[in-house]
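Structural features, examined
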Amino acid sequence: MNHLLSIEELDRGAIERVVAQAARFAEVSDREIKKVPTLRGRMVLNLFYEASTRTRSSFELAAKRLSADVVNFAASGSSVEKGESLKDTVLTLCAHKPDAIVLRTPWAGSAALVSRWCTAAIVNAGDGKHEHPTQALLDVYTLIQRLGALDGAHIWIVGDVAHSRVARSNILAFQRMGATVTVAGPPTLIPREISALGCEVRFTLEQLGEADVIYALRLQSERMTEPWLPSLREYAAHYQINRRRLHPRQLVMHPGPVNRGVELSGEVVDSPQALVAAQVEAGVVVRMAVLYELLSGTHAPLRAAPEPQLA
Ligand code: NCD
């Protein structure tokens, strides 16, 4: 069985296939009865060790629209609080024979680890600072709906790149779809090695005008082990996307949750240039497409075939 662990392992063709399937599922979401029998009798287990509003609800909705059974497991309130390890928790829950496990944890690499412990398809819904592949796929889908294609688009990712799994997945996905990516933020929040992913790095927003799309990130204080910034006010003064910095032709995205008045001003969040609500809506159809690709069993693997090696 196949898994979705990272964007790194998807080529452009695999991303396009998910996007095309999501577009077909968008029609289901417009029906009065928003359900198809595709995954009847299959079981999806949502296993969340970290807080989530959008990701968890949209995976649940996606599985239900495909008629799968869904079991939601949150670490708080479970035997995890009594000290049960990730491995023992996974092995226990695998006794219920889930077909897919949607996993979110604070530990980078945990989705890959879990994929070795059981036979279910593992979907990485965020593993620490590492990756959040379905967020990147829904963001690509949202932009394709809006722009037609990403080829040649300039996308600026602004904010706390250092603690962001979304940044990593989105840099890879946007580039694979033909966009040019620039990351910008305070030097303490831009990791040195990020340019190895092929993106430009800026420490000011002086050239923000070249962006077609501005993708703002939350300051992820839950992952900050030391004070990375003098103050939120100072951060907002230099890096907030507000009316003054935003050109009317630019689009604004954010994975949520938004801290209004910090990375985005309230009026920008509420403006028609912001695609935040469209991103949440895309989350359901894109996650339907991912579950369908992994579980319906009639497709080529989602994971890109390895490049042929020269002898
Ligand atoms: C993001 C996450 O949890 O990685 N949110 C999300 O899934 N929509 C980003 C964040 O928490 O800032």
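Within any chain, residue numbers begin from 1 and follow the written order of that chain's sequence. With the structure being a predicted model, the display of local features is reserved for residues of pLDDT at least 70 and the display and counting of side-chain atom pairs for 80 or more, all residues being used for whole-chain, interface and lining totals. Side-chain calculation: all heavy atoms of the structure are included, whereas hydrogens and water are not.

Details of the site of the ligand
In these notes, residues near a molecule or strand are those with any non-hydrogen atom within 4 Å of it. Within the structure, the ligand sits among T55, R104, H132, Q135, R165, V166, R218, P255, G256 and P257. Polar contact is defined as a pair of N or O atoms within 3.5 Å, subject to the rule that within protein one atom must be able to donate a hydrogen and the other to accept it, and that residues adjacent in sequence are counted only when both atoms are side-chain atoms. Here an oxygen atom of the ligand and a side-chain polar atom of T55 are 3.0 Å apart. A distance of 2.9 Å is found between a nitrogen atom of the ligand and a backbone nitrogen or oxygen belonging to G256. If the ligand stood free it would expose 320 Å²; the protein chains cover 93% of that surface. Here the shell around the ligand is composed, by residue class, of three nonpolar, four polar and three charged. To be clear on the numbers: accessible area is Shrake-Rupley with a 1.4 Å probe, and residue cover counts the displayed protein chains and nothing else. Residues were grouped as follows: Ala, Val, Leu, Ile, Met, Phe, Trp, Tyr, Cys and Pro as nonpolar; Asp, Glu, Lys and Arg as charged; and all remaining residues, including Gly, as polar.

Things to note about the environment of R202
With respect to the secondary-structure elements, R202 resides in strand β7 (residues 200-202). Three labels apply to residues, based on accessible area from a 1.4 Å probe with only protein chains included: buried if under 20% of the type maximum, exposed if over 50%, partly exposed otherwise in between. For R202, a relative accessible area of 24% translates into the label partly exposed. With 15 residues separating them in the primary sequence, R202 and P187 have C-alpha atoms 8.7 Å apart. Each helix is a run of H or I in the DSSP string that is no shorter than four residues. Each strand is a run of E no shorter than two, and both are numbered from the N terminus.

Examining unusual backbone geometry
Geometrically, the link from G256 to P257 is a cis peptide bond, its omega value of -5° lying close to zero. Counting through the fold element by element, P257 comes out in the loop between β9 (251-253) and α8 (266-269). With phi around 70°, S67 is a residue other than glycine that occupies positive phi space. Position of S67 relative to the elements: it lies in the loop between α2 (54-65) and β2 (69-74). Look at K97: it is not a glycine, yet its phi comes out positive at around 55°. Note that K97 resides in the loop between α3 (86-94) and β3 (100-105).

Section: the pattern of salt bridges
Pairing is possible between side chains that carry opposite charge, provided their charged atoms lie close to one another. What makes a salt bridge here is a side-chain nitrogen of Lys or Arg within 4 Å of a carboxyl oxygen of Asp or Glu, nothing more. Tallied over the entire structure, the rule returns 13 salt bridges. One salt bridge in this structure joins E293 and R17, with 3.0 Å as the shortest N-O distance. With E293 in helix α9 (residues 276-295) and R17 in helix α1 (residues 12-30), the pair connects residues that are 276 residues apart, well separated along the chain. The exposure class assigned to E293 is buried, which follows from its relative accessible area of 7%. One continuous salt-bridge network, built from bridges that share partners, spans R12, E16 and D151.

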